[in-house]
Amino acid sequence: MKENGLKSFKDLVFGNPAVVEENPHVDDGDENTERGNWTSKKEYLLSTIGYAVGLGNIWRFPYLAYKNGGGAFLIPYFVMLVVTGIPLFFLESAFGQFCSQGPINIWRAVPIMQGVGVGMVMVTLIVSIYYNVIVAYSLYYMFASFQFPLPWSACFSWADANCSTTPAGSCNETGVLGANWTQENRTCPSSVQSPSEQYWDRVALQRSSGLDETGPVVWHLALCLLLSSILVCASLIKGIKSSGKAVYFTATFPYVVILILLIRGATLEGARDGIEFYIGSQSNLTKVLDVQVWKDAATQTFYSLSIGWGGVMTLSSYSNFHNNMFKDTFVVTLTNAGTSVLAGFAIFSILGHMAYIYQMPVGEVVKEGFGLAFIAYPDALSKLPISPLWSILFFFMLLTVGLDSQFTGIEVLTTCLTDAFPKFLSNKRSLVTVPTCLILYLLGLPCVSRAGIYWVTLMDQFVASWVLLFLTLFEIIGVCYIYGGNRFIEDIEMMLGKKSCGFWLWWRACWFCISPGIIVVILVWSLMTFTSPSYGGVPFPSWGLALGWCMIAFVLVWIPAIAGWKLLRAEGNLWKRLKTLCSPAEDWHPFLDAHRGERYSKESRQARGDDTVDPNGISSSWL
């Protein structure tokens, strides 16, 4: 009895063993020789983890935890992970693996919703432009770290009169430095800036006064951007066959650095204060009752797991048909969450030491995003013995984390192109990858001008924001409500093996009710509380904000545009056209004949009415 129970549990978690026995090549090279598969399961998992674990885990999660009650933030975060993150990651993984297609062709399942896939690709295109620039920032700082002392450790020749190694809080009301500092008779500047802040603005970025003042291209950033593009191109020159080898290093090395920084940080004076400020005794449990905290937790879950970007579906489309994506979902999502928490400990232990040196509260040291990665943390590292070593490790970690995410972003674009022209491009990956990386490099050049940081912020705030929630909501509507949740579950069971009704009860609840309900609430809340973005206290001009809204329209307009275009091309009256386009296209099925089984045989499809679609009425290709 006990043995039977154990067997049932294994079937539940790892799939039906019978399915694996019938398909001995599940983890053994390419079963799909035309399109290709991951060389091994390890490469798929490392690539997916590398894609999910991005810069947001390093510079956004710790700040959100600090802002939203410290350890108390973990309660809504893990709740949202369970009710939205894991279910939607499972949905996207299964959707992509079933048909072995990218985020555009995948909508052969519901042709009228193909604009959702195009919108995802447009988001990835825009994000890939500025994400490559952030990787270039990391490269520049890593190269700059090969100096002693670090160039931002003091006010050198590049600084102006406002630069001071003394924090502004140390000045008394008369503007004179306090007695704890050696420069007692020096008057504080009216606007004090740390060396790391001035180095970021005046040397690294050569930042202009605003988006209106573009200025020339910053040559050292342009060269770093070129190097970043070459690294990405070289890693993807053969598609997943080459990127799968690169992730053995790029997906694992960040964990080595995080552990090294954590161990080093834990030995520093003031580290305990930093960690307690993060999720320790200073946690504010009353924050759990704040709606904004739950909104931040849900948003971080979506963005951290890259749901709605198209990358999860793209990576899973190269898995073998009977791969257990259910188990993979838990491995990736829990690793991603654990990385966020672990990175927070490493970040705050060293920020606590910085607060100890400056004799100021930890909260005044903490920054978000660029401020943490390129101002606060470099400043803290410059205070450590052998500071260049720790700085090199930190920025090399940012580089590898950024490259992993960029790999998948480019893979989304190239996969959609090869899926559109499989006969011409499937075996010529270099002809797709090299031009794609070159175009992205050229498009990124405005982002390395003197106004570049404003362009990066504008694209990040408008495109990589609640627009993704719109795409995810339409994705759920398309899969669960139009294609049909029961039909989708049957598709998954073709890959995993038969499951009990009780097994699907939770996933049905999340897919049909809980996840879309939470997305709608977050969308409404985000729109109600929307504020115009700015950078460094500099507001964007009206034309810049208008351009931001145009980027949003550029992403979302594909949904109604493609739906309308397909309705015009279909035959019959309006109801017949709508019904036709809400039914799977003729070529919606598993990629290989061997996996289609009885459900997707021609006779079975005709009996269900799936083959009544006029192939001239709609285009199964996204072109």
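Residues numbered from 1 in each chain as written. Predicted model: local features only at pLDDT ≥ 70, side-chain atom pairs only at ≥ 80, totals over all residues. Heavy atoms only, no water.

An unreviewed UniProt entry lists the chain under the name Transporter, with Takifugu rubripes given as the organism. Per UniProt, the chain has the following entry under Subcellular location (unreviewed entry): "Membrane". UniProt, in its Sequence similarities (unreviewed entry) section for the chain, records the words "Belongs to the sodium:neurotransmitter symporter (SNF) (TC 2.A.22) family." (UniProt positions renumbered as here; feature names shortened; annotations may be inferred.)

Chemist: How would you sum up the overall build of the chain? Please name residues and give values.
Modeler: Of the regular secondary structure elements, the chain holds 26 helices and two strands. Out of the 623 residues belonging to the chain, those deemed buried represent 59%. A total of about 24,900 Å² of accessible surface is found on the chain, and carbon and sulfur atoms cover 64% of it. (Helix = DSSP H or I, 4+ residues; strand = E, 2+ residues; numbered from the N terminus. Buried < 20%, exposed > 50% of the residue type's maximum accessible area, 1.4 Å probe, protein only. Areas by Shrake-Rupley, 256 points an atom, 1.4 Å probe, with all protein chains shown as cover.)

Chemist: Mind laying out the packing of helix α7 (residues 114-144) against helix α9 (residues 219-236), listing which residues take part and the relevant values?
Modeler: Contact geometry of α7 with α9 gives a least axis separation of 8 Å together with a crossing angle of 110°. On the basis of their axis angle, the class for α7 and α9 is roughly perpendicular. Between α7 and α9 the crossing geometry is right-handed. The segment α7 lies against α9, with Asn 132, Val 133, Val 135, Ala 136, Tyr 137, Leu 139, Tyr 140 and Phe 143 engaging His 220, Leu 221, Cys 224, Leu 225, Leu 227, Ser 228, Ser 229 and Val 232. Tallied by class, residues from the contact of α7 with α9 come to twelve nonpolar, four polar and no charged. (Axes fitted to C-alpha atoms, helices over the stretch in contact; angles between N-to-C directions. Parallel < 35°, antiparallel > 145°, perpendicular 65-115°, else oblique. Left-handed = near helix turned anticlockwise from the far one by under 90°. Contact = heavy atoms within 4.5 Å. Nonpolar A, V, L, I, M, F, W, Y, C, P; charged D, E, K, R; others polar.)

Chemist: Please set out the packing of α7 against helix α8 (residues 195-204) residue by residue, giving values where relevant.
Modeler: Where α7 contacts α8, the two axes come as close as 13 Å, and the packing angle between them is 110°. Here α8 runs roughly perpendicular to α7, going by the angle between their axes. Residues Tyr 137, Tyr 140, Tyr 141 and Ala 144 of α7 lie in contact with α8, whose contacting residues are Tyr 199, Trp 200, Val 203 and Ala 204. When the residues that make up the contact of α7 with α8 are grouped by side-chain class, the tally is eight nonpolar, no polar and no charged.

Chemist: Give me the state of the cysteines: which residues, what numbers.
Modeler: Joining two cysteines, a disulfide is a covalent bond between their sulfur atoms. Per the counting criterion, the structure on display carries one disulfide. A disulfide bridge connects Cys 155 with Cys 163, and the sulfur atoms are separated by 2.0 Å. Taking the sign of the S-S torsion, about -85° here, the bridge from Cys 155 to Cys 163 comes out left-handed. By relative accessible area, which is 3% here, Cys 163 ends up buried. (Disulfide = S-S within 2.5 Å.)

Chemist: Quick one: what's the story with the environment of His 353, residue by residue and with numbers?
Modeler: Positionally, His 353 belongs in helix α15 (residues 325-358). Residue His 353 is classed as buried on the basis of its relative accessible area of 10%. In this structure, the C-alpha to C-alpha distance between His 353 and Asp 273, residues 80 residues apart in sequence, is 8.1 Å. Beyond its immediate chain neighbours, meaning those up to four positions away, His 353 contacts Leu 268, Glu 269, Gly 270, Ala 271 and Leu 384.

Chemist: Help me get a handle on the nonpolar core, residues and values and all.
Modeler: Counting residues in hydrophobic clusters, the biggest one holds 194 residues, and the most contacted among them are Tyr 137, Trp 200, Phe 370 and Trp 511. Of the residues forming this core, the biggest block, 21 residues, is contributed by α7. Once residues within four sequence positions are removed from consideration, Tyr 137 is found in contact with Trp 200, Leu 205, Leu 221, Phe 370, Phe 374, Cys 447, Gly 452, Ile 453 and Val 456. (Core = buried A, V, L, I, M, F, W, Y, C linked by side-chain atoms within 4.5 Å.)

Chemist: Quick one: what's the story with unusual backbone geometry, residue by residue and with numbers?
Modeler: Residue Pro 149 follows Phe 148 across a cis peptide bond; omega there is 0°. For Gln 206, which is not glycine, the phi torsion reads 50° and is therefore positive. Within the secondary structure, Gln 206 is located in the loop between α8 and α9. Positive phi outside glycine occurs at Ile 386, with the angle close to 50°.

Chemist: Go over the packing of aromatic side chains, please, and point to the residues and values.
Modeler: Counted under the stated rule, the structure contains 60 aromatic pairs. Both rings, one in Trp 38 and one in Tyr 318, keep their centres 6.5 Å apart while their planes meet at 80°; by these two values the pair is edge-to-face. With Trp 38 in the loop between α2 (17-22) and α3 (41-52) and Tyr 318 in the loop between α14 (311-316) and α15, the pair connects residues that are 280 residues apart, well separated along the chain. Assigned by exposure class, Trp 38 and Tyr 318 land together as buried. An angle of 75° between the planes, with centres 6.1 Å apart, marks the rings of Phe 554 and Trp 558 as edge-to-face. (Phe/Tyr/Trp six-rings, centres within 6.5 Å; stacked < 30°, edge-to-face > 60°.)

Chemist: How would you summarise the UniProt feature "binding site: Na(+)" (unreviewed entry) in the chain if you had to cite specific residues and measurements?
Modeler: Sites flagged by UniProt as "binding site: Na(+)" (unreviewed entry) map to Gly 50, Ala 52, Val 53, Asn 57, Ser 304, Asn 336, Asp 404 and Ser 405. For this annotated set, covering 356 residues, all C-alpha atoms fall within 13.3 Å of each other, a compact arrangement in space. Position of Ala 52 among the secondary structure elements: in helix α3. On the accessibility criterion, Ala 52 (4% relative accessible area) is buried. Discounting residues that sit within four places of it in the chain, Ala 52 has contacts with Asn 57, Ser 304, Leu 305, Ser 306, Val 332 and Asn 336. For Asp 404, the location among the structural elements is in helix α17 (residues 387-420). Its relative accessible area of 3% is what places Asp 404 among the buried residues. A polar side-chain atom of Asp 404 sits 3.3 Å from the main-chain amide nitrogen of Ala 251. (Polar contact = N/O pair within 3.5 Å; in protein donor to acceptor, adjacent residues only side chain to side chain.)

Chemist: Go over the pattern of salt bridges with me, naming the residues and quoting the values.
Modeler: Tallied over the full model, the rule gives nine salt bridges. Among the ionic pairs, Lys 498 bridges to Glu 493, the shortest N-O distance being 3.4 Å. The class of Lys 498 is exposed, set by a relative accessible area of 67%. Residue Glu 493 is classed as buried on the basis of its relative accessible area of 12%. With its nearest N and O atoms 2.5 Å apart, the salt bridge here joins Asp 593 to Arg 596. A relative accessible area of 59% places Asp 593 in the exposed class. (Salt bridge = Lys/Arg side-chain N within 4 Å of Asp/Glu carboxyl O.)

Chemist: Explain the confidence of the model for the chain to me, using residue names and the numbers behind them.
Modeler: Chain-level statistics for the chain give a pLDDT mean of 83 and a share of 87% at 70 or above. For residues 1-28, every residue scores under 50 in pLDDT, and the model assigns this stretch 33 contacts once sequence neighbours within four places are set aside. Throughout residues 611-623 the model reports pLDDT below 50, and contacts reaching past four residues in sequence, or to other chains, amount to 34 contacts. (pLDDT = per-residue confidence, 0-100.)

Chemist: Go over the side chain of Thr 329 with me, naming the residues and quoting the values.
Modeler: Relative to the helices and strands, Thr 329 resides in helix α15. Relative accessible area serves as the criterion here: at 1%, Thr 329 is assigned to the buried category. Of note is the side chain of Thr 329, whose polar atom sits 2.8 Å from the backbone oxygen of Met 325. Dropping the residues within four chain positions of it, Thr 329 is found in contact with Ile 86, Phe 89, Phe 90 and Ser 93.

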